[in-house]
Amino acid sequence: MPISDTKARNAKPREKLYRIADGGGLCLEVRPSGRKTWRLRYRLDGKPNMFTIGDYPGVGLGEARARRDWGKEVILKGLHPRDEVERERRERNLESQNTFEKVAEEWYDKRSSGWTDNYTNQVRKTLDNDILPTFGKTPIREVGAPEILELLRKIESRGAPSVAVLTRQWLSAIFRYGIVTLRTDADPAEYVKGAVTRPEVKNAVALNDQQIKHLLGQLAVFGGYRTTQIAIELLLLTMVRTIELRRARWKDFDLEGAMWRIPKEDMKRQRQHLVPLSRQVIELLKELKEYTGGSTILVPGMKDPRKPIHLTTINQALVRMGFGGGKFSAHGFRATASTHMNENGWHPDAIERQLAHAPDDRTRGAYNHAQYLEMRREMMQWWADYVDGLRSS
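Residues numbered from 1 in each chain as written. Predicted model: local features only at pLDDT ≥ 70, side-chain atom pairs only at ≥ 80, totals over all residues. Heavy atoms only, no water.

Engineer: Tell me about the nonpolar core, and name the residues and values.
Structural biologist: By size, the foremost hydrophobic cluster in this structure holds 55 residues, and its most contacted members are Leu298 and Leu318. Every element with two or more residues in this core is listed here: helix H8 (209-221), helix H9 (226-238), strand S6 (259-262), helix H11 (279-292), helix H12 (313-323), helix H13 (332-343), helix H14 (348-354) and helix H16 (373-392). Of the residues forming this core, the biggest block, seven residues, is contributed by H9. Judged by nonpolar contacts, the second largest core, of 31 residues, contains Ala104, Ile148, Leu166 and Leu171. (Core = buried A, V, L, I, M, F, W, Y, C linked by side-chain atoms within 4.5 Å. Buried < 20%, exposed > 50% of the residue type's maximum accessible area, 1.4 Å probe, protein only. Helix = DSSP H or I, 4+ residues; strand = E, 2+ residues; numbered from the N terminus.)

Following this line, the structure appears as structure tokens:
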């Protein structure tokens, strides 16, 4: 006769252990101490066995019967329920160890050694601010496409669609790393590819002669820091990217040899870049050294001289000089020099090499590097003289 909850609750201990049968091998074992335990009696491979389900009343009658039915299904497969419980426990432990954070940090540690400092900082910031607070403690197998899409929409809604696109790419890379290290089976970030898109990138606007003259005139009366003025002129005359100027250190400059050697770790394409220095640039650097020569950084920030000039400082200065409203940005200095050089007949390969654009052919690129260096010296001096001509006209 099946046991009732009342009967189980009222069962009293005796001098010896006894069992009250419920049915299907389930019984309630009552010990002299008063402890009551649900047990499942079964036979496997012709041998009697006993599986402990749990203590009453912590495990109620309904739950005990459900575990009995589960155990009987396991036994039909030729397995011991206790072995299956242990296997499930190991799987849970493994899942708890394979949280998204654990896999993500392992991926970051293995991959970041090959990244630039700027890219490494960008990934680290996104991990710490967005990805890990959202998914960190969740087993990686339990992170799904809907949750990923929700995070991407959240990042996009704060006005950072480009960060959202990069976040999806980094999430996908983490999941792929989890797949090859056998911590997960799928990349749910792949399913939301295209859900967020980058804003259209507008080509940098090049300044014409009249606009360059206007810029130089505004620089002459600019009320900001002299170091910011010099930084703007250096961008105009050297054709480097803003980030390359911000990362620049005094040790990278050879003023006597008229050469700026930008280390590969500071370059977008991880290749050392040579910037021939015109006479005008050398004079600007000598003046700048009077202001910042005590620092390792070429153009340190005013608030914290241990860090470079802020990424918005130059563009904000350009806005104050009348180049706001999307008309022009610091990136446009490269386009300005390139346009004038092309219009004045300088060799396209020399211009591309000075812009640090990667050539299509590596062998051709190495040949051009040697062939065009002297031409680039002439070209950069010509450009500085051209700008000086506009200044005095």
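Engineer: Please give an account of the sheet that holds strand S4 (residues 47-56) that cites residues and values.
Structural biologist: An order of S1-S2-S3-S4 is seen for the four strands of this open sheet, with the pairing classed as antiparallel. The open sheet is flanked by strand S1 (18-23) and S4, the only strands paired with a single partner. For this sheet, the mean inter-axis angle between neighbouring strands, taken without regard to orientation, is 30 degrees. In this sheet, strand S3 (residues 36-44) lies alongside strand S2 (residues 26-30) in antiparallel orientation, the contact comprising five bridges. Paired with Leu26 across the bridge in S3 is Leu40. Sitting on the sheet, helix H2 (residues 61-76) is in contact with S1, S2, S3 and S4, with an inclination near 20 degrees to S3. (Pairing = 2+ DSSP bridges. Axes fitted to C-alpha atoms, helices over the stretch in contact; angles between N-to-C directions. Contact = heavy atoms within 4.5 Å.)

Engineer: Provide a residue-level description of helix H4 (residues 100-111), including the pertinent values.
Structural biologist: For H4, with twelve residues, the first-to-last C-alpha span of 16 Å sits near the 16 Å given by 1.5 Å per residue. Of the positions making up H4, those classed as buried are Phe100, Val103, Ala104, Trp107 and Tyr108. Each buried residue of H4 sits inside an arc of 135 degrees when the element is viewed along its axis, so together they form one side. Exposed side of H4, more than 90 degrees from the buried face: Asp109 and Lys110 are the residues found there. Buried positions along H4 lie against helix H5 (117-135) and helix H7 (161-180). (Expected span 1.5 Å × (residues − 1). Arc of directions from axis to C-beta.)

Engineer: Lay out H16 with the relevant residues and their values.
Structural biologist: For H16, spanning 20 residues, the distance from its first C-alpha to its last is 29 Å, which sits close to the expected 28 Å at 1.5 Å a residue. Those residues of H16 that fall on the buried side of the exposure criterion are Leu373, Arg376, Met379, Met380, Gln381, Trp383, Ala384, Val387 and Leu390.

Engineer: Can you tell me about the pattern of salt bridges, naming the residues and giving the values?
Structural biologist: One pass over the structure, following the stated rule, counts 23 salt bridges. Across the salt bridge formed by Arg39 and Glu29, the nearest N and O atoms sit 2.9 Å from each other. Here Arg39 is found in strand S3, whereas its partner Glu29 is found in strand S2, with ten residues between them in sequence. Glu29 shares its class with Arg39; the two are buried. In this structure, Arg124 engages Asp128 in a salt bridge whose closest nitrogen and oxygen atoms are separated by 2.7 Å. Pair noted here: Arg124 and Asp128 are both in helix H5, with a separation of four residues, about one helical turn. (Salt bridge = Lys/Arg side-chain N within 4 Å of Asp/Glu carboxyl O.)

Engineer: Go over the sheet that holds S6 with me, naming the residues and quoting the values.
Structural biologist: Note: strands within a sheet are paired through backbone hydrogen bonds, in either parallel or antiparallel orientation. Across the sheet, three strands lie side by side as S5-S6-S7; this open sheet has antiparallel pairing. Here the strands that pair on one side only, and so sit at the sheet edges, are strand S5 (253-254) and strand S7 (273-276). Alignment of S5 against S6, held across two bridges, turns out to be antiparallel. The residue of S6 that forms the bridge with Asp254 is Met259.

Engineer: Can you tell me about the pairing of S6, naming the residues and giving the values?
Structural biologist: Taking the residues that link successive antiparallel strands as the turn, the S5-S6 hairpin has four residues, and the phi of Ala258 there is positive, at about 55 degrees. Alignment of S6 against S7, held across four bridges, turns out to be antiparallel. When the bridges of S7 are listed, Met259 appears paired with Pro276.

Engineer: I'd love a proper account of unusual backbone geometry, names of residues and values included.
Structural biologist: Residues Tyr56 and Pro57 are joined by a peptide bond in cis, for which omega reads 10 degrees. As for its position among the elements, Pro57 is in the loop between S4 and H2. Positioned with a positive phi, Asp45 is a non-glycine residue whose angle comes to about 60 degrees. In this structure, Asp45 sits in the loop between S3 and S4. Judged by relative accessible area, which is 69%, Asp45 ranks as exposed. Positive phi, normally seen in glycine, also occurs at Ala258, with a value near 55 degrees. Tracing the backbone shows Ala258 in the loop between S5 and S6. In this structure Ala258 comes out as buried when scored by relative accessible area, which is 14%.

Engineer: So what's going on with the packing of aromatic side chains? Residues and values would help.
Structural biologist: Overall, the coordinates contain 16 aromatic pairs when judged by the stated rule. Between the aromatic rings of Tyr108 and Trp115, the centroid separation amounts to 5.9 Å while the plane-to-plane angle is 70 degrees, which identifies the pairing as edge-to-face. Pair check on accessibility: Tyr108 and Trp115 agree, each one buried. Where Trp382 meets Tyr386, the ring centres are 5.1 Å apart and the plane angle is 35 degrees; that geometry is what we call tilted. Within this pair, Trp382 and its partner Tyr386 are both found in helix H16, separated by four residues, close to a single helical turn. By relative accessible area, Tyr386 is classed as partly exposed at 21%. Taken together, Trp107, Tyr108, Trp115, Tyr119 and Trp170 form an aromatic cluster joined through their ring pairs. It is Arg67 that lies over the ring of Trp70; its NZ or CZ is 4.2 Å from the centre. Here the basic side chain of Arg124 rests over the ring of Tyr108, its NZ or CZ set 4.6 Å away from the ring centre. (Phe/Tyr/Trp six-rings, centres within 6.5 Å; stacked < 30°, edge-to-face > 60°. Lys NZ or Arg CZ within 6 Å of the ring centre and 35° of its normal.)

Geometric descriptors of this kind do not, in isolation, establish any biological role.
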